[in-house]
Amino acid sequence: MISLQGKKVVVVEDDTWYGEHLLRILQGEGVTCALADHPAKAIDLIDEMQPDAIILDMLLTGSTGFVLLHELQSHSDLASIPVIVCTTILDSLQMKHLEPYGVKRALDKTTMHPEDIAVALRGVFI
Amino acid sequence: MNGESKATYQEMSPSVILHGDSGLIAAAHELKAPLALIRQLAFLMEDETITIDQKKRMAMQTRLAAEKALRLTTDLTKVARLEDALFQLEPVNPAAICEDVAKELDEYFAAHGKKLTVQQSRSLPLVIAHHDLLRRILVTFSDNALQYGGEEVRLSIKKNSRSIRIAVRDYGPMLSPKDFTAIKRKLMTPQPVHARPQSSGLGLYIAGQFAHIMQGTIGMTRHRDGVSFYVDMNASTQLQLL
């Protein structure tokens, strides 16, 4: 099993309680992670941390995850960072539309289990 | 990056573009977030390695998330009955309602590291309203401000020429004109889920319906450092008649 120890992850989630629990799970796996509750803060954090992956909610306060995905794609140094989408609207999204944005995995918040986030993260590092 | 291969969120979610029963679908989506959080918390509380303090915090978050979902379902029920039910309007004290709202949401705000305050005002007339509906409008505005705003959210009351404006002011980042327009649109109609940032605007739409039944209107004002959502209610002439 791939170790996540030492990996760096930015979690973009405007529900701070949900984000808090994602951080707890990731930290339990040895991941260094930080939470951004809106895309502008996420860009700052991503610049600062240069993460190995980004976990992204799609419905964000005052914005959507697509704003951040567009922004990431417009920077050559950020475009290749793998993104895992974690959202309640997965049934409204199609992976073929997300993949061009660097989205490698998509998780449905309404059905996922806590361990799924680490499994998805390992998946993008294979 | 090939731009042509991309689709906007709006384009890629035709299944949620609403044609008829928009309120029902918006409500379902609105409820997903607290339910998903509650479910996740339940999983985490089963973990035997978490501390008692962590468990207590999760239990508190579970309760507050459930209460938020219940507020929405209660409001939806009320909206569905607006035409049938008789909501008797009477002179009510807006300052007392603001205090009630601040008290009701105190724990919810504190749990998010925020504070809901009431700006004290003197010598304001009563408003013609239904106590519970007006309270629910202000709870909705406050809940909305919690998502958007900075650490403090403030309730205030101001007298205009013939009406009383009760506002919920947040100190979050300035909204772009585009977002401001989008949110204003939500005040008028429940938006399809594709149009929403963070929320469907269902709560704001419900607040508008409640205001309408009380002959009031809701609106919003953009500030350099945040937004005010307000409801304008008719002032009671009761005192002038004495």
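Note: the structure precedes this text.
Keep in mind the model is a prediction, meaning the values are calculated, not measured.

## Section: the overall build of chain A
The number of helices and strands found in chain A is five helices and seven strands. Mapped from its N terminus to its C terminus, chain A presents α and β elements in the order β-α-β-α-β-β-β-α-β-α-β-α. Over its C-alpha trace chain A gives a radius of gyration of 13 Å, about what one expects of a compact globule, namely 14 Å for 126 residues. Dimensions of chain A, computed from the C-alpha atoms along their principal axes, are close to 30 × 30 × 30 Å. Taking the intrachain contacts of chain A between residues at least 6 apart in sequence as the baseline, contacts between residues at least 24 apart amount to 61%. Carbon and sulfur atoms provide 50% of the accessible area of chain A, an area that totals close to 4,800 Å². Here chain A contributes 9 positive and 18 negative side-chain charges, whose respective centroids are spaced 7 Å apart.

## A look at the packing of aromatic side chains
The way to describe two aromatic rings as a pair is by their centre distance and the angle between their planes. Under the definition given, this model contains three aromatic pairs over all chains. Taken together, a centroid distance of 6.4 Å and an interplanar angle of 90° make the contact between W17 of chain A and Y108 of chain B edge-to-face. With W17 of chain A in helix 1 (residues 16-28) and Y108 of chain B in helix 3 (residues 94-111), this residue pair bridges two chains. Residue classification places W17 of chain A among the buried positions, given a relative accessible area of 3%. Taking 5.5 Å as the distance between ring centres and 70° as the angle between the ring planes, the aromatic pair formed by F66 of chain A and Y101 of chain A counts as edge-to-face. With F66 of chain A in helix 3 (residues 65-73) and Y101 of chain A in the loop between helix 4 (95-98) and strand 7 (103-108), this pair connects stretches of sequence that are 35 residues apart. The buried category is assigned to Y101 of chain A, whose relative accessible area is 1%. A cation over an aromatic ring shows up here: K7 of chain A above the ring of F125 of chain A, its NZ or CZ 4.5 Å from the ring centre.

## Focus: a negative patch on the surface
All names here are of chain A. Side chains of D44, D47, E48 and D77 sit close together on the surface and give a patch of like negative charge. Residue placement: D44 occurs in helix 2 (residues 39-49). Residue classification places D44 among the exposed positions, given a relative accessible area of 52%.

## Some remarks on the sheet that holds strand 5 (residues 163-170) of chain B
Residues and elements named next belong to chain B. On the basis of which strands lie adjacent, the open sheet formed by five strands has the order 2-4-5-7-6 and mixed pairing. Edge positions in the sheet fall to strand 2 (115-118) and strand 6 (217-223), since each of these pairs with one other strand and no more. For this sheet, the mean inter-axis angle between neighbouring strands, taken without regard to orientation, is 20°. Across seven bridges, strand 6 lies against strand 7 (residues 226-234) in antiparallel orientation.

## What to know about the nonpolar core
Formed by 81 residues in total, the largest nonpolar core has its most connected members in L121 of chain A together with L134, L138, F141 and V231 of chain B. Excluding residues within four positions of it along the chain, F141 of chain B makes contact with V168, L204, A207, I218, F229, Y230 and V231 of chain B. Of all hydrophobic cores here, the second largest spans 27 residues; its members include M49, I54, F66 and L68 of chain A.

## Side note on helix 6 (residues 202-213) of chain B
Two residues of an α-helix separated by three or four positions point the same way, owing to the 3.6 residues in each turn. Residues and elements named next belong to chain B. For helix 6, which comprises 12 residues, the first-to-last C-alpha distance of 17 Å matches the rise-based estimate of 16 Å (1.5 Å per residue) to within 8%. Within helix 6 the residues assigned to the buried category are L202, G203, L204, I206, A207, G208, F210 and A211. Downstream of helix 6 by a residue or two, Q215 has a phi angle that is positive, lying close to 60°.

## Brief notes about the sheet that holds strand 1 (residues 8-12) of chain A
All names here are of chain A. Within the open sheet, the five strands sit side by side as 2-1-3-6-7. Their pairing is parallel. Bordering the open sheet on either side are strand 2 (32-36) and strand 7, each of which pairs with just one other strand. The sheet shows a mean angle of 20° between the axes of neighbouring strands, taken without regard to direction. When strand 6 (residues 83-87) meets strand 7, the two strands line up parallel, connected through five bridges. The residue of strand 7 that forms the bridge with C86 is L107. Those strands touched by helix 2 are strand 1, strand 2 and strand 3 (53-56), and its axis lies near 160° from that of strand 2. Sheet contacts for helix 5 (residues 116-125): strand 1, strand 3, strand 6 and strand 7; angle to strand 7, the most-contacted strand, approximately 165°.

## Structural notes on the pattern of salt bridges
All names here are of chain A. Following the criterion strictly, the structure yields 15 salt bridges over all chains and no others. Between K109 and E13 there is a salt bridge, and its shortest N-O distance comes to 2.7 Å. One end of the pair, K109, is in the loop between strand 7 and helix 5; the other, E13, is in the loop between strand 1 and helix 1, and 96 residues separate them in sequence. For the pair shown, K109 and E13 are each scored as buried. Between D57 and K109 there is a salt bridge whose closest N-O contact spans 3.5 Å. A residue pair is termed long-range when its members are at least 10 positions apart, and D57 in the loop between strand 3 and strand 4 (59-60) and K109 in the loop between strand 7 and helix 5 qualify at 52 residues. Note on accessibility: D57 and K109 belong to one class, buried.

Conventions adopted
Residues numbered from 1 in each chain as written. Chains lettered and ligands numbered in written order. Predicted model: local features only at pLDDT ≥ 70, side-chain atom pairs only at ≥ 80, totals over all residues. Heavy atoms only, no water. Helix = DSSP H or I, 4+ residues; strand = E, 2+ residues; numbered from the N terminus. Rg over C-alpha atoms; globule rule 2.2 N^0.38 Å. Contact = heavy atoms within 4.5 Å. Areas by Shrake-Rupley, 256 points an atom, 1.4 Å probe, with all protein chains shown as cover. Lys, Arg positive; Asp, Glu negative; His and termini not counted. Charge placed at Lys NZ, Arg CZ, Asp CG, Glu CD. Phe/Tyr/Trp six-rings, centres within 6.5 Å; stacked < 30°, edge-to-face > 60°. Buried < 20%, exposed > 50% of the residue type's maximum accessible area, 1.4 Å probe, protein only. Lys NZ or Arg CZ within 6 Å of the ring centre and 35° of its normal. Patch = residues over 30% accessible without salt bridge, like charges linked within 9 Å, V, L, I, M, F, W, Y side chains within 5 Å. Salt bridge = Lys/Arg side-chain N within 4 Å of Asp/Glu carboxyl O. Pairing = 2+ DSSP bridges. Axes fitted to C-alpha atoms, helices over the stretch in contact; angles between N-to-C directions. Core = buried A, V, L, I, M, F, W, Y, C linked by side-chain atoms within 4.5 Å. Expected span 1.5 Å × (residues − 1).

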